[in-house]
Amino acid sequence: MRITRIETHVCHARMRNWIFVKVLTDQDGLFGWGEATLEWHTRAVVGAIEDLAQLLVGEDPTRPEHLWQMMFRQHFWHGNGIVRATAIAGIDIALWDILGKVAGLPCSKLFGGPVRDYVRTYCHLGGGKMEDFYETAVEEANRFGDLARQAVADGFTAFKSMAVPPTMPIEGLKPIRAAEAAVKAMRDAVGEAVDIMVDCHARPSPAMGLKFAHALEPYGLYFLEEPCWPESVDGLAAINAAVSTPIATGERVTNLADFRDLFNARACGICQLDLTHCGGFTEARRVAALAEAHRIALAPHNPQGPVSTAASLEFGFSQPSYIICETVHADVPWRQDVVQEGFTVEKKGRIVRPNTKPGHGITIDEAEVKKHPFQQELLQRVFHRDGSVGDW
């Protein structure tokens, strides 16, 4: 059995272009699907996949670890930059899909699972609709409350919001009070039985992140995400040590060595590795083992397309430290038209029962994908009131 071709299928989904990766073999009808979505870098990732394909065509697709080592270590430059790591991830996820189909098993069983009966999921406010999640101003506290009630009405027992505004390295009380009001509105709207997460999007400096963490602690957040830049490991560690709220980070970390440094510094309580950015299943399983040794929970980052979601769920059914899966369901109205999924979602609680089909258990409708060709993603830029550049 040999790899004959690696294809990319780009599907424009408003804020993102989903990059589906299809690895084809010389066995009739045997292929695998992966995903390598990376906002604002679509052309770069597609090009990187083309570069990697020359290493893999003619190789045995049932050797994903061996092929991962080739993709990461050959071509001289190690594959830990975000573009190369994402390209590797898309191919790696597709290779495991092939291996599952050859074995006749879901990927979770290849990894030793399932270790649980269901995976809990959470949504973005607005279900991932860009205008609701990313563009609701923090000052609109009542709007946060309304969106929180809608998430619960949709069956979710947990949701995430962006209730922290962009700030300069040091600011006064105004943004802190705005964040407090937004979170209070959500907590008042849904009560204490529903879990609330707040994503800072790595906007604050460590000093401001600590201020937000202290201010929001009374509201019992499930976690506070990226309260400062991921590169500021010492800052994350200081915030994590200062509050009881679990600190989550890791979506922008792309390799095992950097996760090692993050965990050794006790810089988080929750690891948000992204399967489509950290090298796919092959590297993610190593990161998960390292997290397990540090007793750090897993809640993978997953705001991308349907292959990423299927892979994240397969991973969740095989990892003991996995606590919850991020999902979006209303980013585009035709999301379900492009995919048939093997897992089932129960409306009450939005819990997911295991896929029983081989591999990821999904089928991508290529005709539907072609209805949404590449478009340049909408720019998301932040400038502070004095004109200086901020973080989106």
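The following paragraphs examine the structure supplied in this document. Keep in mind it's a predicted model, so treat the numbers as computed, not measured.

On to the environment of His-9, then. Secondary-structure assignment places His-9 in strand E1 (residues 3–13). Distance from His-9 to Arg-266, taken between C-alpha atoms, is 39 Å for residues 257 residues apart in sequence. There is a polar contact of 2.8 Å between the side chain of His-9 and the side chain of Glu-7.

Right, let's get into unusual backbone geometry. Residues Gly-113 and Pro-114 are joined by a peptide bond in cis, for which omega reads 0°. Take Pro-114: it is sitting in the loop between helix H4 (107–110) and strand E4 (119–124). Despite not being glycine, Trp-40 has its phi angle at roughly 65°, a positive value. Structurally, the position occupied by Trp-40 is in the loop between strand E3 (31–35) and helix H1 (42–56). Look at Ala-202: it is not a glycine, yet its phi comes out positive at around 55°. Checked against the element boundaries, Ala-202 lands in the loop between strand E6 (195–199) and helix H8 (206–216). Ala-202 sits in the buried class, given a relative accessible area of 1%.

Further remarks concern helix H11 (residues 280–293). Between its first and last C-alpha atoms H11 spans 20 Å; for 14 residues at 1.5 Å apiece the expected length is 20 Å, and the two agree. Of the surrounding elements, those touching the buried residues of H11 are helix H2 (64–73), helix H3 (82–103), helix H10 (256–264), strand E9 (270–271), strand E10 (297–298) and helix H12 (306–316). Immediately beyond the C-terminal end of H11, within one or two residues, lies Arg-295, with a positive phi of roughly 55°.

Before going further, it helps to spend a moment on the packing of aromatic side chains. Counted under the stated rule, the structure contains 12 aromatic pairs. Judged by centre distance (6.0 Å) and plane angle (45°), the ring pair of Trp-18 and Phe-20 falls under tilted. No difference in accessibility class separates Trp-18 from Phe-20, as the two residues are buried. Measuring from ring centre to ring centre gives 5.9 Å for Phe-259 and Phe-263, while their planes differ by 45°; the resulting arrangement is tilted. Placement of both Phe-259 and Phe-263 in helix H10 is noted, with a separation of 4 residues, approximately one turn of the helix. Pair check on accessibility: Phe-259 and Phe-263 agree, each one buried.

Summed over the entire model, instances satisfying the criterion amount to 19 salt bridges. Measuring nitrogen to oxygen at the nearest pair gives 2.8 Å for the salt bridge that ties Arg-5 to Glu-7. Accessibility expressed as a relative area gives 19% for Glu-7, which makes it buried. With its nearest N and O atoms 3.1 Å apart, the salt bridge here joins Lys-160 to Glu-326. Residue Lys-160 is located in strand E5 (residues 158–161), and its partner Glu-326 is located in strand E11 (residues 325–327); the two are separated by 166 residues in the primary sequence. Residue Lys-160 is classed as buried on the basis of its relative accessible area of 1%. Connected via shared salt-bridge partners are Glu-65, Glu-283 and Arg-286.

The axes of two packed helices give the description: the angle between them and the distance between them. The interhelical angle for the contact between helix H6 (residues 141–153) and helix H7 (residues 173–190), taken along N-to-C directions, is 35°, at an axis separation of 8 Å. Here the hand of the crossing between H6 and H7 comes out right-handed. Side by side, H6 and H7 meet where Ala-141, Phe-144, Gly-145, Ala-148, Arg-149 and Val-152 of the first sit next to Ala-181, Ala-182, Ala-185, Met-186, Ala-189 and Val-190 of the second. Looking at the contact of H6 with H7 residue by residue, the classes come out as 10 nonpolar, 1 polar and 1 charged.

Within the largest apolar cluster, 87 residues are counted, with the highest numbers of intra-cluster contacts made by Phe-159, Met-186, Phe-259, Phe-263, Leu-273 and Phe-315. Of the residues forming this core, the biggest block, 8 residues, is contributed by H7. Setting aside chain neighbours within four positions, we find Phe-159 in contact with Tyr-122, Cys-123, Leu-125, Ala-148, Ala-151, Met-186, Val-190, Val-194, Asp-195, Ile-196 and Met-197. The next biggest cluster of nonpolar side chains, apart from the first, holds 27 residues, and it includes Ile-6, Ala-36, Leu-56 and Ile-91.

Where E1 and strand E2 (residues 16–25) come together, 10 bridges link them in antiparallel fashion. Among the inter-strand pairings, Ile-6 is bridged to a residue of E2, identified as Val-23. A loop of 2 residues connects E1 with E2, the two strands running antiparallel in sequence, and Arg-14 in this loop sits at a positive phi of about 65°.

We now examine the sheet that holds E3. Ordered by their spatial adjacency, 3 strands build an open sheet running E1-E2-E3, and the pairing between neighbours is antiparallel. With partners counted over all chains shown, the strands left at the sheet margins are E1 and E3, one partner each. Across this sheet, the average inter-strand angle for adjacent strands is 20°, counted without regard to direction. Each of E1, E2 and E3 touches H3; the most contacted strand, E3, lies at about 145° to it.

Each value, and the rule that gives it
- Residues numbered from 1 in each chain as written.
- Predicted model: local features only at pLDDT ≥ 70, side-chain atom pairs only at ≥ 80, totals over all residues.
- Heavy atoms only, no water.
- Helix = DSSP H or I, 4+ residues; strand = E, 2+ residues; numbered from the N terminus.
- Polar contact = N/O pair within 3.5 Å; in protein donor to acceptor, adjacent residues only side chain to side chain.
- Buried < 20%, exposed > 50% of the residue type's maximum accessible area, 1.4 Å probe, protein only.
- Expected span 1.5 Å × (residues − 1).
- Contact = heavy atoms within 4.5 Å.
- Phe/Tyr/Trp six-rings, centres within 6.5 Å; stacked < 30°, edge-to-face > 60°.
- Salt bridge = Lys/Arg side-chain N within 4 Å of Asp/Glu carboxyl O.
- Axes fitted to C-alpha atoms, helices over the stretch in contact; angles between N-to-C directions.
- Left-handed = near helix turned anticlockwise from the far one by under 90°.
- Nonpolar A, V, L, I, M, F, W, Y, C, P; charged D, E, K, R; others polar.
- Core = buried A, V, L, I, M, F, W, Y, C linked by side-chain atoms within 4.5 Å.
- Pairing = 2+ DSSP bridges.

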